[in-house]
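Here is what each chain is made of, one letter per residue.
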Amino acid sequence: MADGPYIRDENEAAQLDRHWLELLQELRVAQTGIQILFAFLLVIAFSRPFQEAGDFSHVVFAVTLVLTAMAAGLLIAPVSVHRLVYRRRLRPELVRTAARMAIGGLVLMLGSVAGGLLLALDVVLPRPRAIAVVIGVVLWFCVFWYVVPLQLRRKGLAVRASVGEIAASNRR
């Protein structure tokens, strides 16, 4: 591994194109997951055991289904945005807007996963234990989806700041 910060030699247009392609790859992974969860939820709604389940299960299901639909909407929305602004020289706005939609979609997806997990665990565990396990899983997700990336981001900002200071002192 090379010493020093990772620096890419590209102009703004190339950087925006790369960011867009990377975002599309990330969205493909998330879209697949949320679509599978959505299909699963739609199937269980029509099963006899679920129809006979109690109010708690029905409320958790309804909330989870809505969160999943909203997550799918946000994770698919960048495609629509791209189509509507295509060839209008709005790549910076497209990348910024799509990135925000992806983050929102992932937050909703976490709620969807939690709801789906609670629906399943409520069948096999006592409800308080099922809720506790879901809380633990949500915290685990938060560590790897938010805490670790934010720490990397903070570290990257610190490295860039120190590189900027070194470059400024070299110009003096």
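Our subject in this report is the structure included herewith.

The rules we used
- Residues numbered from 1 in each chain as written.
- Predicted model: local features only at pLDDT ≥ 70, side-chain atom pairs only at ≥ 80, totals over all residues.
- Heavy atoms only, no water.
- Helix = DSSP H or I, 4+ residues; strand = E, 2+ residues; numbered from the N terminus.
- Buried < 20%, exposed > 50% of the residue type's maximum accessible area, 1.4 Å probe, protein only.
- Polar contact = N/O pair within 3.5 Å; in protein donor to acceptor, adjacent residues only side chain to side chain.
- Contact = heavy atoms within 4.5 Å.
- Patch = residues over 30% accessible without salt bridge, like charges linked within 9 Å, V, L, I, M, F, W, Y side chains within 5 Å.
- Areas by Shrake-Rupley, 256 points an atom, 1.4 Å probe, with all protein chains shown as cover.
- Salt bridge = Lys/Arg side-chain N within 4 Å of Asp/Glu carboxyl O.
- Axes fitted to C-alpha atoms, helices over the stretch in contact; angles between N-to-C directions.
- Parallel < 35°, antiparallel > 145°, perpendicular 65-115°, else oblique.
- Left-handed = near helix turned anticlockwise from the far one by under 90°.
- Nonpolar A, V, L, I, M, F, W, Y, C, P; charged D, E, K, R; others polar.

Here we come to the side chain of Gln31. Along the chain, Gln31 falls in helix α1 (residues 12–45). By relative accessible area, Gln31 is classed as buried at 16%. Only 2.8 Å separates the side chain of Gln31 from the backbone oxygen of Leu75, close enough to count as a polar contact. Each residue touching Gln31, except ones within four places of it in the same chain, is listed here: Leu75, Ile76 and Val79.

Turning next to a nonpolar patch on the surface. Taken together, the side chains of Trp140, Val143, Phe144, Val147, Val148 and Leu152 present a nonpolar region at the surface, about 560 Å² in accessible area. Here Leu152 shows up in helix α5 (residues 127–171). Take Leu152: its relative accessible area is 57%, and that puts it in the exposed class.

Taken as a whole and assessed by the stated rule, the structure comprises four salt bridges. Beyond isolated ion pairs, a larger network of salt bridges with shared partners links Glu10, Arg18 and Glu22.

Next up on the list: the environment of Leu121. Take Leu121: it is sitting in helix α4 (residues 91–124). You can call Leu121 buried: its relative accessible area is 15%. For the pair Leu121 and Ile131, spaced 10 residues apart in the sequence, the C-alpha separation amounts to 8.2 Å. Sequence-distant contacts of Leu121, that is, excluding residues within four places in its chain, are made with Ala130, Val133 and Val134.

For Ser57, the location among the structural elements is in helix α3 (residues 55–85). You can call Ser57 buried: its relative accessible area is 13%. Excluding anything up to four places from it in sequence, Ser57 contacts Phe50, Leu119 and Asp122.

Here the focus is the packing of α1 against α3. It is at 9 Å that the axes of α1 and α3 come closest, and there the two elements cross at 150°. With respect to their mutual orientation, α1 and α3 come out roughly antiparallel. Of the two possible hands of crossing, α1 and α3 adopt the one that is left-handed. Note on element contacts: α3 touches α1 through Phe61, Thr64, Leu65, Thr68, Ala69, Ala71, Ala72, Leu75, Ile76, Pro78, Val79 and His82, opposite Trp20, Leu27, Ala30, Gln31, Ile34, Gln35, Leu37, Phe38, Leu41, Leu42, Ile44 and Ala45. Looking at side-chain class alone, the contact of α1 with α3 contains 19 nonpolar, five polar and no charged residues.

In short, the description is geometric, and any link to function would need to be established separately.
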